[in-house]
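Architecture and fold: a report
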Amino acid sequence: MADQQALDEVVEFTSDLIRIDTTNRGGGDCQERPAAEYAAEQLAGAGLQPMMLERTKGRTNVVARIEGTDPSADALLVHGHLDVVPAEAADWSVHPFSGEIRDGVVWGRGAVDMKNMDAMILAVVRGWARQGVRPRRDLVIAFTADEEASAVDGSGFLADEHPELFEGCTEGISESGAFTFHDGAGRQIYPIAAGERGTGWLKLTARGRAGHGSKVNKENAVTRLAAAVTRIGEHEWPLRLTPTVRAAFAELAALYGIEPDLTDVDRLLEKLGPAAKLVEATVRNSANPTMLAAGYKLNVIPGEAVAYVDGRYLPGGEDEFRTTLDLLTGPDVDWEFSHREVALQAPVDSPTYANMRAAVEEFAPEGHVVPYCMSGGTDAKQFSRLGITGYGFAPLKLPEGFDYQALFHGVDERVPVEALHFGVRVLDRFLRTA
Ligand SMILES: [Zn+2]
């Protein structure tokens with residue numbers, strides 16, 4: 001059981017980490033180093049030997065290993081990123097980098113994404129040092145840079161350049177799971193992430209015959225591009241139910257006492273009401289046109305036109321995504337990935353999933369645990385290259401009115417002290433018995 005000092009420290013660490021501004025605007029100007037030094041110091045205080053690793057000066061990652069009692073057991077990776085997305089102070093009720101604790105709530109950028117989890121990890125392992133606890137499996141603790149941009153200075157760098165630090169790791173846990181989802185009718189749902197859609201950001205290029213805007217031109221690049229963009233934007237992607245989403249439907253249907261009729265998913269989503277949010281973005285691939293660029297003068301037909309599309313594909317859905325894009329763009333428009341990240345799928349019948357579920361249920365007996373697939377992505381994508389299966393498990397018990405999804409990257413991001421205490425208790429329980 002987590003002790004009182006662990007409960008006090010998680011609050012102190014969350015607040016301290018928020019005060020260390022690690023804003024990542026994506027241009028490479030973020031400096032995670034002070035936050036990394038802070039985390040390393042707390043790990044060293046727990047008797048561990050943290051390593052600091054940088055691909056780029058100031059973009060620091062921290063990795064430490066806790067030796068388990070069973071050397072034959074696979075290791076478990078526990079990771080959290082140190083950077084945060086930008087925050088405009090003028091929009092906030094409390095300064096986003098104050099880490100202020102007001103009326104039992106810790107305020108600031110990173111309070112839920114994800115300095116809270118970083119602080120929980122630190123508080124738990126320090127508690128273990130005081131209590132002489134050793135986990136069964138080896139635990140690899142990693143605090144990463146650059147998750148909010150490309151991860152090239154963070155988890156991507158660690159996975160590619162330092163795979164030896166993750167030796168034996170078969171599974172990992174990190175952000176975006178086991179938070180309270182209030183359905184508005186009194187039910188408290190705890191979604192655990194067991195999958196992520198893949199990222200397929202596309203660049204479309206239409207080529208044609210440049211010429212005078214007053215002449216006949218059947219090879220107009222702008223017309224060709226516009227047609228392709230329209231076809232993509234209006235395309236109805238077919239339903240594709242992955243194992244994680246099927247399991248989510250089964251759990252939710254049981255919770256709501258309705259038939260899990262997967263032959264009519266739209267009707268099923270309707271019946272689930274607000275809880276449909278947990279599944280609706282992950283029942284199909286998607287592709288949304290977002291940017292257009294062409295031409296330089298009104299009476300000149302350009303020879304080329306370019307568009308960008310934010311595409312996301314389900315686990316197992318990349319081939320269909322590619323062939324569909326070939327068809328939708330047609331012969332006159334080329335497309336390529338400007339950025340591509342894999343989709344992930346984790347089993348929900350694994351002992352690790354069962355153990356995460358049991359840990360949540362122990363401290364939130366009124367809660368209902370369901371698996372879900374994330375519509376976006378995390379550092380788990382990079383670590384998957386090392387054969388590590390990723391789950392989203394950063395437990396937080398949130399009161400009604402705290403909309404986790406809205407706080408994530410949102411204005412007035414904040415976390416109740418009680419939520420952090422719950423997180424430490426659940427994480428401690430899970431990691432001890434993992
Ligand atoms: Zn995050």
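Keep in mind the model is a prediction, meaning the values are calculated, not measured.

For the rest of this paragraph, the subject is the sheet that holds strand β19 (residues 414–416). Strand order across the open sheet formed by three strands is β4-β5-β19, with antiparallel pairing between neighbours. One side of each edge strand has no neighbouring strand; the edge strands of this open sheet are β4 (101–102) and β19. Across two bridges, the pairing between β4 and strand β5 (residues 105–107) is antiparallel. Bridged to Arg102 within β5 is Val105. On the sheet, helix α1 (residues 4–19) packs against β4, β5 and β19 and is oriented at approximately 20 degrees with respect to β5.

Moving on: helix α8 (residues 318–329). With twelve residues, α8 ought to run about 16 Å at 1.5 Å a step, and its terminal C-alpha atoms sit 16 Å apart, in line with that. Every buried residue of α8 is listed here: Glu318, Phe321, Thr324, Leu325, Leu328 and Thr329. Down the axis of α8, the smallest arc covering the buried residues is 125 degrees, so these residues share one side. When the buried face of α8 is taken as reference, the exposed residues oriented beyond 90 degrees from it are Asp319 and Leu327.

Time to look at the coordination of the zinc ion. Surrounding the zinc ion are the protein donor atoms His81 (NE2), Asp113 (OD), Glu175 (OE) and Glu175 (OE), which sit 1.8 to 2.8 Å from the metal. Angles of 51 to 147 degrees at the metal separate the four donor atoms of the zinc ion, which places the site in the irregular class. Within one chain, the residues donating to the zinc ion are spaced in sequence as H-x31-D-x61-E. Pair noted here: Asp113 is in the loop between β5 and α3 (115–131) and Glu175 is in the loop between β7 (169–174) and β8 (181–182), with a separation of 62 residues, a long-range link. The two residues Asp113 and Glu175 agree in class, both being buried.

End to end, α3 covers 24 Å across 17 residues, agreeing with the expected 24 Å (1.5 Å per residue, within 8%). After α3 finishes, the residue Gly132 shows a positive phi value of roughly 70 degrees.

The rules behind the values
Residues numbered from 1 in each chain as written. Predicted model: local features only at pLDDT ≥ 70, side-chain atom pairs only at ≥ 80, totals over all residues. Heavy atoms only, no water. Pairing = 2+ DSSP bridges. Helix = DSSP H or I, 4+ residues; strand = E, 2+ residues; numbered from the N terminus. Contact = heavy atoms within 4.5 Å. Axes fitted to C-alpha atoms, helices over the stretch in contact; angles between N-to-C directions. Expected span 1.5 Å × (residues − 1). Buried < 20%, exposed > 50% of the residue type's maximum accessible area, 1.4 Å probe, protein only. Arc of directions from axis to C-beta. Donors = N, O, S within 2.8 Å, 3.2 Å for Na, K, Ca; no water. Tetrahedral: all angles 85-135°; square planar, octahedral: opposite > 155°, others 65-115°.

By themselves, these are just geometric observations and shouldn't be taken as functional.
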